[in-house]
Amino acid sequence: MGYMARTATLFLVLTLLFVGIGAVLSHFMFDGTQESMIMLMAVFLILATAINMFTFFFSKKIVLRAHKVKLIQREDHPRLYNIVENIAMHAGLPMPQVGITNTPTPNAFATGRGPKNAAVVATTGLLDLLNDEELRGVMAHELAHVKNRDILVMSIAATIAGAISIIARVAFWTSIGRSRDSASLLIGLLIYLTLPIAAILIQLGISRSREYKADEVGAKMISNPMALANALNKLERGNIARPMTGENPSSAHMWIASPLGGRRGSARLFSTHPPMQERIRRLKQMAGKDY
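Residues numbered from 1 in each chain as written. Predicted model: local features only at pLDDT ≥ 70, side-chain atom pairs only at ≥ 80, totals over all residues. Heavy atoms only, no water.

J.: Got a minute to help me understand the overall build of the protein chain in this structure?
T.: From N to C terminus, the protein chain includes nine helices and four strands. In the protein chain, which comprises 291 residues, the share counted as buried stands at 51%. Once local pairs closer than 6 in sequence are excluded, the contacts in the protein chain between residues at least 24 apart make up 68%. Looking at the protein chain as shown, the accessible area adds up to about 14,100 Å², and 61% of this sits on carbon and sulfur atoms. (Helix = DSSP H or I, 4+ residues; strand = E, 2+ residues; numbered from the N terminus. Buried < 20%, exposed > 50% of the residue type's maximum accessible area, 1.4 Å probe, protein only. Contact = heavy atoms within 4.5 Å. Areas by Shrake-Rupley, 256 points an atom, 1.4 Å probe, with all protein chains shown as cover.)

Take a look at the structure:
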């Protein structure tokens, strides 16, 4: 419940940021009258709803196509398919679609709006690197995202954060074109500099919290936290050594390990994933308990 409440709060803040941009734009475009402010705030609320609906229905298809995923059956790759099927059956989940994407970077992700519409995907690099138990740990993590409906949550958060960044730029350039005083220009500049950063930090906060939860739930699914801990240790080294080329940072949140290489120091604040060593530490702590 703590995770759900935190995520709901973060979503509320994202939506309020989005609607707030509409209120500020009314100042520059319509001299800030009450009617124009209400109108633009309503427009931006409708826009946020439309973005959420589009993401809900089409994000899976877009993601699979963007990463050139080949959906497989049991005969195409029995090892991966059987592992996913076994975990899904044990967890009481519908069998998801299973896919492979041809990249040497070891990684995996899940997509889809819910358990009945999910797909789990492994890279060829992941299949080459991990043994069966470690692969079970990674697939359990991805199925935990499916069970928790994290995929939809994180996709919507990323989409809204991206939209806020774009619209903040529009607000800034509109303020330059229409403002006649330095105060209005300063407001436009503050929007341009602060709102996109705030939106991105909220999105990343959602992403990091869901990764911890998926680690925990996935480890419980297979009753073997060390399988995932060992896999994450290999994945950290593998993604630092061979980060994905051409990967869009806006979709980095969906992978089990950051595909863009490791983040150190203050850069962790802008990381899509929590520190890998902290994730491993928590899993090792779980390994001493009876699940």
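Further notes follow.
J.: Can you help me understand a nonpolar patch on the surface in this one?
T.: A contiguous nonpolar patch, built from Met-53, Phe-54, Phe-57, Phe-58 and Ile-62 and spanning about 500 Å² of accessible area, is present on the exposed surface. Mapped onto the elements, Phe-57 comes out in helix α2 (residues 34–66). (Patch = residues over 30% accessible without salt bridge, like charges linked within 9 Å, V, L, I, M, F, W, Y side chains within 5 Å. Salt bridge = Lys/Arg side-chain N within 4 Å of Asp/Glu carboxyl O.)

J.: Hey, could you run me through the pairing of strand β2 (residues 97–101) in this one?
T.: Each regular strand shows side chains that alternate between the opposite faces of the sheet. For β2, the tally of buried residues reaches four of five residues, placing the bulk of the element in the interior. Pairing analysis gives three bridges linking strand β1 (residues 70–72) to β2, with the strands arranged antiparallel. Each residue of the ladder has a partner; that of Leu-71, found in β2, is Gly-99. Here five bridges tie β2 to strand β4 (residues 119–123), and the two strands are oriented parallel to one another. Residue Thr-101 lies in a different strand from β4, and its bridge partner there is Thr-123. (Pairing = 2+ DSSP bridges.)

J.: What exactly am I supposed to notice about the pattern of salt bridges here?
T.: Across all of its chains, the model carries 10 salt bridges by this definition. Across the pair Arg-210 and Asp-150 runs a salt bridge whose closest N-O atoms are separated by 2.6 Å. Of this pair, Arg-210 sits in helix α7 (residues 182–222) while Asp-150 sits in helix α6 (residues 150–178), placing them 60 residues apart in sequence. Taking the shortest distance from any N to any O, the salt bridge between Glu-216 and Lys-220 comes out at 3.2 Å. Here the residue Glu-216 and the residue Lys-220 both occupy positions in helix α7, the gap between them amounting to four residues, near one helical turn. Overall, the relative accessible area of 24% leaves Glu-216 in the partly exposed class.

J.: Which parts of the structure should I look at to understand the nonpolar core?
T.: In a soluble, globular protein the nonpolar side chains are often hidden away together inside. Among the nonpolar cores identified, the biggest contains 44 residues, and Leu-80, Leu-126, Val-138, Met-139, Leu-143 and Met-221 are the most heavily contacted of them. Look past the residues within four positions of Leu-126 in its chain and what remains in contact with it is Thr-105, Pro-106, Asn-107, Ala-108, Leu-135, Val-138, Met-139 and Leu-235. Listed in part, the 10 residues of the second largest apolar core include Phe-18, Leu-40, Ile-51 and Ile-164. (Core = buried A, V, L, I, M, F, W, Y, C linked by side-chain atoms within 4.5 Å.)

J.: Honestly, the sheet that holds strand β3 (residues 108–111) in this entry has me stumped. Any pointers?
T.: Each strand in a sheet pairs with another by means of backbone hydrogen bonds, the pair being arranged parallel or else antiparallel. Strand order across the open sheet formed by four strands is β1-β2-β4-β3, with mixed pairing between neighbours. The sheet terminates laterally at β1 and β3, the two strands that pair on one side only. Ignoring strand direction, the axes of neighbouring strands in this sheet form an average angle of 30°. For β3 and β4, the ladder comprises four bridges, and the chain directions are antiparallel. Residue pairing in the sheet places Ala-108 in a bridge with Ala-122 of β4. Against the sheet, helix α3 (residues 78–91) contacts β1, β2 and β4, and its axis sits at roughly 140° relative to β2. Running at roughly 25° to β3, helix α5 (residues 132–148) makes contact with β3 and β4 of the sheet. (Axes fitted to C-alpha atoms, helices over the stretch in contact; angles between N-to-C directions.)

J.: Teacher, can you tell me more about the packing of α3 against α5 here?
T.: When two helices pack together, their arrangement is captured by the angle between the axes and the distance separating the axes. Contact geometry of α3 with α5 gives a least axis separation of 10 Å together with a crossing angle of 55°. What the angle tells us is that α3 and α5 run oblique. Crossing hand, α3 versus α5: right-handed. Across the interface between the two elements, Arg-79, Leu-80, Ile-83, Val-84, Asn-86, Ile-87 and Ala-88 of α3 pack against Asp-132, Leu-135, Arg-136, Met-139, Ala-140 and Leu-143 of α5. Class assignment of the residues belonging to the contact of α3 with α5 gives a composition of nine nonpolar, one polar and three charged. (Parallel < 35°, antiparallel > 145°, perpendicular 65-115°, else oblique. Left-handed = near helix turned anticlockwise from the far one by under 90°. Nonpolar A, V, L, I, M, F, W, Y, C, P; charged D, E, K, R; others polar.)

J.: What should I look at first to understand the side chain of Lys-60 in this one?
T.: Among the secondary structure elements, Lys-60 is positioned in helix α2. Buried charge without a salt bridge: Lys-60, with Glu-142 as the nearest opposite-charge side chain at an N-O distance of 14 Å. Reaching out from Lys-60, the side chain makes a polar contact with the side chain of Gln-97 at a distance of 2.5 Å. For Lys-60, the residues in contact, after removing those within four places along its chain, are Gln-97, Thr-111, Gly-112, Asn-117, Ala-118 and Ala-119. (Lys, Arg positive; Asp, Glu negative; His and termini not counted. Polar contact = N/O pair within 3.5 Å; in protein donor to acceptor, adjacent residues only side chain to side chain.)

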